[in-house]
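The chain contents come next:
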Amino acid sequence: MANVTLGGTPVTTVGNLPEVGNKAPNFKLTGTDLADKSNSDFDGRRLVLNIFPSVDTGTCATSIRTFNEKASQLENTSVLCISKDLPFAMARFCGAEGIENVESFSDYKTGQFGDDYGLTFTSGAFETLLSRCIVVIDTDGTVLHTEQVTEIADEPNYDAALNALK
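Here the structure is a predicted model, which is why all the values come from computation and not from measurement. (Residues numbered from 1 in each chain as written. Predicted model: local features only at pLDDT ≥ 70, side-chain atom pairs only at ≥ 80, totals over all residues. Heavy atoms only, no water.)

## A closer look at the environment of S38
Part 1: Its location among the elements puts S38 in strand β4 (residues 36-38).
Part 2: A residue is classified by how much of its surface remains accessible, and S38, at 19% relative accessible area, is buried.
Part 3: Taking the C-alpha atoms as reference points, S38 and K28, separated by ten residues in sequence, lie 4.2 Å from one another.
Part 4: Ignoring anything within four residues of it in the chain, the contact list for S38 reads F27 and K28.
Part 5: Within the structure, the side chain of S38 is placed 2.8 Å from the side chain of S40, a separation counted as a polar contact. (Helix = DSSP H or I, 4+ residues; strand = E, 2+ residues; numbered from the N terminus. Buried < 20%, exposed > 50% of the residue type's maximum accessible area, 1.4 Å probe, protein only. Contact = heavy atoms within 4.5 Å. Polar contact = N/O pair within 3.5 Å; in protein donor to acceptor, adjacent residues only side chain to side chain.)

Structure (structure tokens):
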């Protein structure tokens, strides 16, 4: 399990992120159109998984805006923004902000994604929500880069994630 902090208070996750060099676990998530999508829907594309607790927090919203700006410059790459927010909340936020270069998904139905990727909080005020993480996956499903942000209020290292695609 990962040990991270939320406002300086220690919290834990259900496990650890997938290891770099290993195959990424399969996933099924719900889009803003309420349709389920899995990793196989992105076969042949590189993926940046921008994972966070809720779109309704400042840092999470900033990460979506930042990746939206940077995603337009990426070839053969999809940026997936993932939380346990209801798809309606994600659609509302992206519509209001003019977010068009990333795709938003929710793990609200089963929580299986968070468990399989080892990033569901098991303690603290955000218990059962997803921790702030980045997972970069190559076209063949191999994990290229991961980041478990150690203080949930902090932003991820955008450059490290994008440099993993070079």
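## Observations concerning the nonpolar core
Part 1: One finds V48, V55, I64, F67, V79, C81 and V102 to be the most contacted residues of the largest nonpolar core, which totals 20 residues.
Part 2: Elements that contribute at least two residues to this core include exactly α1 (58-71), β6 (77-83), α2 (87-97), β8 (133-137) and α4 (158-163).
Part 3: With four residues, the top contributor of residues to this core is α1.
Part 4: In this structure, A24, F105, C133 and I137 belong to the second largest nonpolar core, which totals 19 residues. (Core = buried A, V, L, I, M, F, W, Y, C linked by side-chain atoms within 4.5 Å.)

## A word on the packing of aromatic side chains
Part 1: Enumeration over the complete set of coordinates arrives at five aromatic pairs.
Part 2: Residues F42 and F105 carry aromatic rings whose centres are separated by 6.2 Å and whose planes lie at 90 degrees to one another, so their mutual orientation is edge-to-face. Note that F42 is positioned in the loop between β4 and β5 (46-51) and F105 in strand β7 (residues 103-106), a separation of 63 residues in sequence.
Part 3: The class for F105 is buried, based on a relative accessible area of 5%.
Part 4: The structure contains a cluster of three or more aromatic residues connected by ring pairs, namely F27, F113 and Y117. (Phe/Tyr/Trp six-rings, centres within 6.5 Å; stacked < 30°, edge-to-face > 60°.)

## Structural notes on the environment of P10
Part 1: By the element assignment, P10 lies in strand β2 (residues 9-12).
Part 2: Sequence separation between P10 and E103 is 93 residues, and the spatial gap between their C-alpha atoms is 31 Å.
Part 3: P10 has contacts with V4 and T5, leaving out every residue within four places of it along the chain.

## So, the pattern of salt bridges
Part 1: If you walk through the whole model with that rule in mind, you get two salt bridges.
Part 2: A salt bridge links K109 to D36, with the nearest nitrogen and oxygen atoms 3.2 Å apart. Placement of K109 in the loop between β7 and α3 (112-116) and of D36 in strand β4 is noted, with a sequence separation of 73 residues between them.
Part 3: Here K109 falls in the partly exposed class, since its relative accessible area comes to 46%.
Part 4: The class for D36 is partly exposed, based on a relative accessible area of 36%. (Salt bridge = Lys/Arg side-chain N within 4 Å of Asp/Glu carboxyl O.)

## Quick notes on the pairing of β8
Part 1: Of all the five residues making up β8, five are buried; the element is thus mostly covered by neighbouring parts of the structure.
Part 2: Covered by surrounding structure in β8 are C133, V135 and I137 together with I134 and V136, the residues of both alternating faces.
Part 3: Note that β8 and strand β9 (residues 143-148) share five bridges and pair antiparallel. By the bridge assignment for β9, I137 is matched with V143.
Part 4: Between the antiparallel neighbours β8 and β9 lie five residues, among them G141 with a positive phi of about 90 degrees. (Pairing = 2+ DSSP bridges.)

## So, the sheet that holds β6
Part 1: If you trace the seven strands from one edge of the open sheet to the other, you get β4-β3-β7-β6-β5-β8-β9, paired in mixed fashion. Of all the strands in the sheet, the pair left with one neighbour each is β4 and β9. With strand direction ignored, the average angle separating the axes of adjacent strands in the sheet is 30 degrees.
Part 2: The sheet contact formed by strand β3 (residues 28-31) and β4 spans three bridges and is antiparallel. Along β4, the bridge assignment pairs L29 with K37. (Axes fitted to C-alpha atoms, helices over the stretch in contact; angles between N-to-C directions.)

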